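Geometric and topological summary
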Amino acid sequence: MLRARSINHPGRRQLKGWQLTALVGVVGALGVAGCSSSSSTSSASTSTSTSTSSPSSGTSAAAGSATSGSIVWSASPITTNSHGDTRTTLITAFNKVYPNIHVTLVSAPTNTDTNRATLATEISGGSSSPDVFMGDVIWPAQFGAHQLAVPLSQYLPASYWAQFAPGLVAGASYKGQIYGSPLFEDQGFMYYRKDLLAKEHLSPPTTWEQLQSEAAQLQKAGLVKYGFVWQGASYEGLTCNFMEYLASAGGTATNSGYTAATLDSPAAIKAVTFMRGLITSGVTPSAVSTFQEPQAMNVFAAGQSAFLRNWDYAYSVATTPATSKLTASQVGVEPMPTFAGEPTPGYSNIGGWNMYINPHSKNTAADLTFIKFLASPTAQTILAADYGEIPTTIAVRDAAKTAALNPVFSIVSKTKLVPRPAGTPNYPALSTAIYTNVNAALAGSTSPSAAMAAAQSQANTALTTTSGGL
């Protein structure tokens, strides 16, 4: 039931839960792959486009048979519960429809960076196995630039891509081609103490300013030690948090072509100034500059904070007796706030996982059949109902049955999401430029304006390097 999480990428969750029965786990290993874009009601901001031309029409012929053969699927562990291992459950469901395609599961490393390095070595060496692989939402540009993944848009038509929640396809694209088929997603949510807000006759905040004010009021009333906790350490998770504030302030990290940084802007300075102000006002503890997901989660689950920004797994942790002092009657969840004067809701950063095809696979037609099945209502419903994963297709994501599964699913269709600026193969260095400088501002070692000036310079260096991100 535990899902190990990569040190560097906060989008995979260590714990899965809040299915129909409570799943018990331990808050542990650090952040995972995480932030990208999508929403069933709102598209990502226009600056997040990852392609400069339209994808091809999906008319290329795939090698092999679409209804028979053998393929190897590399996938890291997702969730194991009373329904079994997610991956084997999906394979079993697939074989009920396509009994003549044999899928062999290869369990990939749980650490995202290790997984990426292993796949890059195998595929660049010419290996035809695995045929298909589950990979991070931030991989398309890196894998596309190095010919480590098949441009799926050459085989799958526009009608196929139209089924996904807005923003997911943009996040899976690079230079006009779509490399990843969305499998399931993570995203940021705002969790809050329903009982404490009720005591002070407060409503869940829709703006950042309101959240700060309400948090301070709850602290002043002696109801809670801290007002708001989140992920502020110098790591990938801070890039995810920062992108939510930046998008809500109307800013972007790069231009649409990923050739120049746009971090030294009034919007970016506003975002970092507010984040730092949460600390200097006392609403957020100064230690937040060292917090990753587990630290923020533990503070909230211990009943010490009124608000928490975290991924979708956090509801399960916060309402499960083995991992929290709180109960479902005390914990609420809502879309992310925005800045005053901006349209609500604010932006949630996205994480999650796509399906990719090895360019050396000899069974591309069967690979595509498997990938298309994983986007089908059957597979997406399994992911949502049995394993608590946020589905990527609009039909399942917005279904009343899905919304009724748990409080988090009930608001997914109301969220508005923004990706990390991962449309460049040099994204790892770009993200490092963002989170190290934002963290410096949070820690008070530099001013927000100086931090963004430094981030701008370092990001431009990252964007112009020829290393290609691998």
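Since this is a predicted model, take the numbers as computed values, not measurements. (Residues numbered from 1 in each chain as written. Predicted model: local features only at pLDDT ≥ 70, side-chain atom pairs only at ≥ 80, totals over all residues. Heavy atoms only, no water.)

Examining the overall build of the protein
When you go through the protein residue by residue, the secondary structure sums to 18 helices and 15 strands. Here the protein holds 470 residues, and the buried ones make up 61% of them. In the protein, once contacts between residues fewer than 6 apart in sequence are set aside, the share between residues at least 24 apart is 77%. Of the accessible surface of the protein, which amounts to about 15300 Å², a share of 55% is contributed by carbon and sulfur atoms. (Helix = DSSP H or I, 4+ residues; strand = E, 2+ residues; numbered from the N terminus. Buried < 20%, exposed > 50% of the residue type's maximum accessible area, 1.4 Å probe, protein only. Contact = heavy atoms within 4.5 Å. Areas by Shrake-Rupley, 256 points an atom, 1.4 Å probe, with all protein chains shown as cover.)

Some details on the environment of T344
Secondary-structure assignment places T344 in the loop between β12 (331–334) and β13 (347–357). Sequence separation of T344 and T207 is 137 residues, and the distance between their C-alpha atoms is 7.8 Å. Aside from chain neighbours lying at most four places away, what touches T344 is T206 and T338.

Observations concerning the pairing of β13
The buried fraction of β13 is high, at eleven of eleven residues. Sheet topology places strand β8 (residues 181–187) next to β13; six bridges connect them, and they run antiparallel. For P182, the partnering residue across the bridge sits in β13 and is N354. Where β13 lies against strand β15 (residues 416–418), three bridges are found, and the strand directions are parallel. Within β15, the position partnered with N349 by the bridge is V418. (Pairing = 2+ DSSP bridges.)

Points about the sheet that holds strand β9 (residues 189–193)
The four strands are arranged β10-β11-β9-β12 in an open sheet whose pairing can be described as mixed. Edge positions in the sheet fall to β10 (226–229) and β12, since each of these pairs with one other strand and no more. Between one strand axis and the next, the sheet turns by 15° as a mean value, whatever way the strands run. Bridging between β10 and strand β11 (residues 305–310) involves three bridges; their strand directions are parallel. (Axes fitted to C-alpha atoms, helices over the stretch in contact; angles between N-to-C directions.)

Things to note about the packing of helix α8 (residues 236–248) against helix α9 (residues 266–280)
Between two packed helices, what matters for the description is the angle formed by their axes and the separation of those axes. Closest axis-to-axis distance for the α8/α9 pair is 9 Å, and the angle between their directions is 115°. The element α8 and its partner α9 pack so that their crossing is right-handed. Of α9, the residues touching α8 (which contributes L238, F242, Y245 and L246) are A267, A268, A271, V272, F274, M275 and L278. Partitioning the contact of α8 with α9 into residue classes produces eleven nonpolar, no polar and no charged. (Left-handed = near helix turned anticlockwise from the far one by under 90°. Nonpolar A, V, L, I, M, F, W, Y, C, P; charged D, E, K, R; others polar.)

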